[in-house]
Amino acid sequence: VQVRAIARAVTDGLRGAGQAPVGVEGVEAGRWALIDYFDVVIHVFRPEVRDYYQLERLWDDAGVLAIPPAYLATAGFRERHADLPPPPGAAMDGP
């Protein structure tokens, strides 16, 4: 039930920002949902499924890119992604 609720919250929230997934799998089974937004794939797991598959192992050698929420409110980002709303509480730079 939690997997379904989280997956629906993600798709509803992103749909509200004008983003529709290109594919969704596993939501009804409720163990592992995969939500594909082409450039970003979101996985929602039950804890025991996450422990079993350990997807993090596949990315052990990859670097981590942390994007601070304030970056999403910068003028450059907003110009490239005018269709997305700024993150809640982010200070806006420029007009």
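For the structure itself, look to the data block above.
Residue indices begin from 1 for each chain and proceed along its sequence in written order. Reporting in this predicted model follows two pLDDT cut-offs: at least 70 for local features of residues, and 80 or more for side-chain atom pairs to be given and counted; totals over whole chains, interfaces and linings ignore these cut-offs and use all residues. Water and hydrogen atoms play no part in the side-chain values, which are based on all heavy atoms of the structure.

*Asks:* Would you take a moment to explain unusual backbone geometry for this structure?
*Replies:* Across residues other than glycine, the phi torsion is negative in most instances, and most of the peptide bonds are trans. Backbone geometry at Phe38 places phi at a positive 70°, although glycine is not the residue there. Helical segments are the DSSP runs of H or I of at least four residues, strand segments are the runs of E of at least two, and each set is numbered from the N terminus. By the secondary structure assignment, Phe38 is in the loop between β2 (32-36) and β3 (41-45). With a phi angle near 45°, Gln54 is a residue other than glycine that sits in the positive phi range. With respect to the secondary-structure elements, Gln54 resides in the loop between α2 (47-53) and α3 (75-80). Think of it in three bands: with a 1.4 Å probe and only protein chains considered, a residue is buried below 20% of the maximum accessible area for its type, exposed above 50%, and partly exposed in between. Under the relative-accessibility criterion, Gln54 is labelled partly exposed at 37%.

*Asks:* How should I be thinking about the sheet that holds strand β1 (residues 23-25) in this particular structure?
*Replies:* Strand pairing in a sheet is mediated by backbone hydrogen bonds. Such pairs are either parallel or antiparallel. Between any two strands, at least two bridges found by DSSP are needed for them to pair. One open sheet holds the 3 strands; their spatial order is β1-β2-β3, and the pairing between them is antiparallel. The open sheet has two edge strands with one neighbour each: β1 and β3. Between one strand axis and the next, the sheet turns by 10° as a mean value, whatever way the strands run. Here β1 pairs with β2 via 3 bridges, running antiparallel. Along β2, the bridge assignment pairs Glu25 with Leu34. Helix α1 (residues 2-16) rests against β2 and β3 of the sheet, and its axis sits at about 15° to β2. Between N-to-C directions, angles span 0 to 180 degrees; the directions come from axes that are lines fitted to C-alpha atoms, helices contributing only their stretch in contact. It only takes one pair of heavy atoms within 4.5 Å for two residues to be counted as in contact.

*Asks:* So what exactly am I meant to see when it comes to the pattern of salt bridges here?
*Replies:* Salt-bridge detection follows one rule: a side-chain nitrogen of Lys or Arg within 4 Å of a carboxyl oxygen of Asp or Glu. Counted under the stated rule, the structure contains 3 salt bridges. The partner of Glu48 in a salt bridge is Arg46, with the nearest N and O atoms 2.8 Å apart. By relative accessible area, which is 40% here, Glu48 ends up partly exposed.

*Asks:* How do you make sense of the pairing of β2 when you look at a structure like this?
*Replies:* Look at any regular strand and the pattern is simple: side chains alternate between the two faces of the sheet. Of the two faces of β2, only one is covered, namely that formed by Ala33 and Ile35; the face formed by Trp32, Leu34 and Asp36 stays uncovered. With antiparallel pairing between neighbouring strands as the criterion, β1 and β2 make up a hairpin whose turn holds 6 residues, including Gly26 at a positive phi of roughly 80°. Of the pairings in the sheet, the one linking β2 to β3 comprises 5 bridges and is antiparallel in character. Bridge pairing links Trp32 to Phe45 in β3. Linking β2 back to β3 in an antiparallel pair, the connection comprises 4 residues, with Phe38 at a positive phi of about 70°.

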